[in-house]
Amino acid sequence: MTETTKVNLLGLTQPQLEGFFESIGEKRFRAGQVMKWIHHFGVDDFEAMSNIGKALREKLKACAEIRGPEIVSQDISSDGTRKWVVRVASGSCVETVYIPQAGRGTLCVSSQAGCSLDCSFCSTGKQGFNSDLTAAEIIGQVWIANKSFGTVPAKIDRAVTNVVMMGMGEPLLNFDNAVAAMQIMMDDLGYGISKRKVTLSTSGVAPMLDELGKVIDVSLALSLHAPNDALRDRLVPINRKYPLAVVLDACKRYISRLGEKRVLTVEYTLLKDVNDQPEHAAQMVELLRDVPCKINLIPFNPFPFSGYERPSNNAIRRFQDLLHQAGHNVTVRTTRGEDIDAACGQLVGQVMDRTRRSERHIAVRQLGDEAAPSPSAANRT
């Protein structure tokens with residue numbers, strides 16, 4: 001068997017790993033042993049698996065491997081935020097961000113190289129789309145982060161306590177691989193993270209929310225960003241296919257399956273003079289009247305040529321107060337990792353764009369530069 005045909009065990013769920021061992025003539029219980037070595041101890045060498053016999057180790061070396069994404073770089077922000085750039089099989093690079101907070105550490109995980117949705121305020125969307133990540137490439141980001149902190153074997157106070165599928169890409173458009181990775185995150189033989197602490201964020205792929213509810217019960221976040229269809233059509237183009245009423249109904253169906261008083265997290269990026277006015281807050285109150293939710297306001301994090309600005313602190317507080325007064329639980333996300341371009345909406349990677357969107361954005365940018373007056377000409381006017 002050649003190197004390229006080896007099975008990568010990193011991305012296999014417990015049932016899949018049990019099936020793999022049966023397929024090579026071994027007992028199913030070997031799956032649990034190997035999962036612990038991979039995810040609890042961060043092992044990628046079969047020789048290190050001391051409770052597995054030599055004959056099986058040799059068999060595994062011949063037909064399997066444990067291979068995470070290649071680490072291209074790691075940056076650490078002044079506030080403790082960490083960002084990894086990793087290269088995936090397609091040749092593109094994706095980004096993973098770890099955010100330390102009091103009593104917890106949240107890892108923001110990517111599901112695709114680039115993104116096909118082209119939300120107008122997101123730098124990832126401007127890069128275009130290259131490929132879906134495999135389950136191994138998604139869970140590999142958690143594996144890399146855990147190992148980087150020296151927290152293997154896994155401990156109660158491990159660094160990564162929460163995972164959010166909010167990095168590059170739309171996870172519901174890479175459904176099977178995203179679900180498999182989240183199942184490993186929650187498996188006690190994997191990372192043992194509570195279903196309440198694994199969150200999938202979607203821009204609103206409504207039909208897949210119903211499918212999601214059939215196979216997993218992770219927490220759900222909706223990237224809303226606009227309180228009416230006309231504005232959301234412009235900011236989040238997938239809204240033209242799945243408008244707000246359809247998306248919110250799908251979210252409510254998903255949340256209703258979870259029980260346990262769990263609610264939808266609504267993410268709302270505040271853009272100066274675009275969606276941050278009192279009338280937008282009033283529309284949002286009406287829109288979410290019957291949706292059990294908490295609201296996370298995200299002040300826009302600037303990136304070059306975005307065309308948007310961050311609202312003033314006064315405008316942010318005013319918007320938050322209006323939602324509070326209507327009875328909503330509202331927080332404002334603190335910007336973290338901005339000095340290493342790790343803040344929300346800033347993840348870019350290096351994507352081998354199959355959609356040519358990045359070329360179009362660069363062309364538009366260059367046209368704008370050519371149309372702008374030179375500094376000397378501006379000074380003469």
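Everything numeric in this text was worked out from a predicted model, so none of it was measured.

Asks: Explain the overall build of the protein to me, please; I cannot follow it from the model alone.
Replies: Regarding its fold elements, the protein presents 13 helices and 14 strands. The buried share of the protein, taken over its 381 residues, is 54%. Summarising the internal contacts of the protein: among those between residues at least 6 apart in sequence, 68% fall at separations of at least 24. When the accessible area of the protein is evaluated, it comes to approximately 17,000 Å², of which 51% is carbon and sulfur surface.

Asks: What is the right way to read the nonpolar core from this model?
Replies: One recurring pattern in soluble globular proteins: nonpolar side chains tend to sit buried together. Core analysis: the biggest nonpolar cluster contains 105 residues, and Leu9, Phe20, Met182, Met185 and Leu212 have the highest contact counts within it. Taken domain by domain, the makeup of this core includes at least three residues from each of domain 1 (7–65) and domain 2 (70–362).

Asks: Explain the environment of Ala136 here, please?
Replies: Note on placement: Ala136 falls in helix H5 (residues 135–148). By relative accessible area, Ala136 is classed as buried at 9%. Along the primary structure Ala136 and Leu9 are separated by 127 residues, whereas in three dimensions their C-alpha atoms are 7.8 Å apart. In this structure Ala136 touches Asn8, Leu10, Gly11 and Pro69, once residues within four positions along its chain are discounted.

Asks: Teacher, can you tell me more about the packing of helix H1 (residues 14–23) against helix H2 (residues 30–40) here?
Replies: In a pair of packed helices, the angle between the axes and the distance between the axes together describe the arrangement. Look at H1 against H2: their axes get within 8 Å of each other, and the N-to-C directions meet at 120°. One finds that H1 runs oblique with respect to H2. Read as a crossing pair, H1 and H2 show a hand that is right-handed. Every residue of H2 that contacts H1 at Gln14, Leu17, Glu18 and Phe21 is listed here: Arg30, Ala31, Val34 and Met35. Split by residue class, the contact of H1 with H2 holds five nonpolar, one polar and two charged.

Asks: Teacher, can you tell me more about the UniProt feature "binding site: S-adenosyl-L-methionine" (unreviewed entry) in the protein here?
Replies: According to UniProt, the feature "binding site: S-adenosyl-L-methionine" (unreviewed entry) maps to Gly169, Glu170, Ser201, Ser223, Leu224, His225 and Asn301 in the numbering used here. Inspection of the secondary structure puts Glu170 in the loop between strand E9 (162–165) and helix H6 (175–186). Given a relative accessible area of 2%, Glu170 falls into the buried group. In this structure Glu170 touches Ser111, Gln112, Cys115, Leu117, Ser201, Thr202, Ser203, Gly204 and Val205, once residues within four positions along its chain are discounted.

Asks: So what exactly am I meant to see when it comes to the pairing of E9 here?
Replies: It is a general feature of regular strands that their side chains alternate between the two faces of the sheet. Across the two faces of E9 the burial is the same, with Asn162 and Val164 and Val163 and Met165 all buried. Note that strand E6 (residues 104–108) and E9 share three bridges and pair parallel. Residue pairing in the sheet places Cys108 in a bridge with Val164 of E9. Bridge analysis of E9 against strand E10 (residues 198–202) gives three bridges, and the strand direction is parallel. Paired with Met165 across the bridge in E10 is Leu200. Between E9 and its parallel partner E10, the chain crosses via H6, and the hand of that crossover is right-handed.

Asks: Looking at this structure, how should I read the packing of H6 against helix H7 (residues 206–215)?
Replies: Where H6 meets H7, the closest approach of the two axes is 12 Å, and the angle between their N-to-C directions is 35°. You can see that H6 and H7 cross each other, and the crossing is right-handed. Residues Phe175, Val179, Met182 and Gln183 of H6 form the contact with H7, whose own contacting residues are Met208, Glu211, Leu212 and Val215. Residue composition of the contact of H6 with H7, grouped by class: six nonpolar, one polar and one charged.

Asks: In this structure, what is going on with the sheet that holds strand E4 (residues 82–87)? I would like to understand it.
Replies: Within a sheet, each strand pairs with its neighbour through backbone hydrogen bonds, oriented either parallel or antiparallel. As summarised here, the arrangement of the 10 strands in space is E3-E4-E5-E6-E9-E10-E11-E12-E13-E14, forming an open sheet in which the pairing is mixed. For this open sheet the edge positions go to strand E3 (70–76) and strand E14 (330–332), each flanked by a neighbour on one side alone. Averaged over all neighbouring strand pairs, the angle between strand axes comes to 20°, with direction disregarded. Pairing of strand E12 (residues 264–270) with strand E13 (residues 293–299) involves seven bridges; the strand directions are parallel. Residue pairing in the sheet places Thr265 in a bridge with Lys294 of E13.

Asks: Would you mind showing me how to read the packing of aromatic side chains here?
Replies: Pairs of aromatic rings are described using the distance from one ring centre to the other and the angle between the two planes. By the definition in use, this model includes five aromatic pairs. Consider the rings of Phe20 and Phe21, whose centres lie 5.3 Å apart with planes at 75°: the pair is edge-to-face. Both residues of the pair, Phe20 and Phe21, count as buried. Positioned above the aromatic ring of Trp143, the side-chain terminus of Lys147 is 3.8 Å from the ring centre.

Calculation rules
- Residues numbered from 1 in each chain as written.
- Predicted model: local features only at pLDDT ≥ 70, side-chain atom pairs only at ≥ 80, totals over all residues.
- Heavy atoms only, no water.
- Helix = DSSP H or I, 4+ residues; strand = E, 2+ residues; numbered from the N terminus.
- Buried < 20%, exposed > 50% of the residue type's maximum accessible area, 1.4 Å probe, protein only.
- Contact = heavy atoms within 4.5 Å.
- Areas by Shrake-Rupley, 256 points an atom, 1.4 Å probe, with all protein chains shown as cover.
- Core = buried A, V, L, I, M, F, W, Y, C linked by side-chain atoms within 4.5 Å.
- Domains from an automatic or database assignment.
- Axes fitted to C-alpha atoms, helices over the stretch in contact; angles between N-to-C directions.
- Parallel < 35°, antiparallel > 145°, perpendicular 65-115°, else oblique.
- Left-handed = near helix turned anticlockwise from the far one by under 90°.
- Nonpolar A, V, L, I, M, F, W, Y, C, P; charged D, E, K, R; others polar.
- UniProt positions renumbered as here; feature names shortened; annotations may be inferred.
- Pairing = 2+ DSSP bridges.
- Right-handed = clockwise from strand over helix to strand, strands pointing away.
- Phe/Tyr/Trp six-rings, centres within 6.5 Å; stacked < 30°, edge-to-face > 60°.
- Lys NZ or Arg CZ within 6 Å of the ring centre and 35° of its normal.

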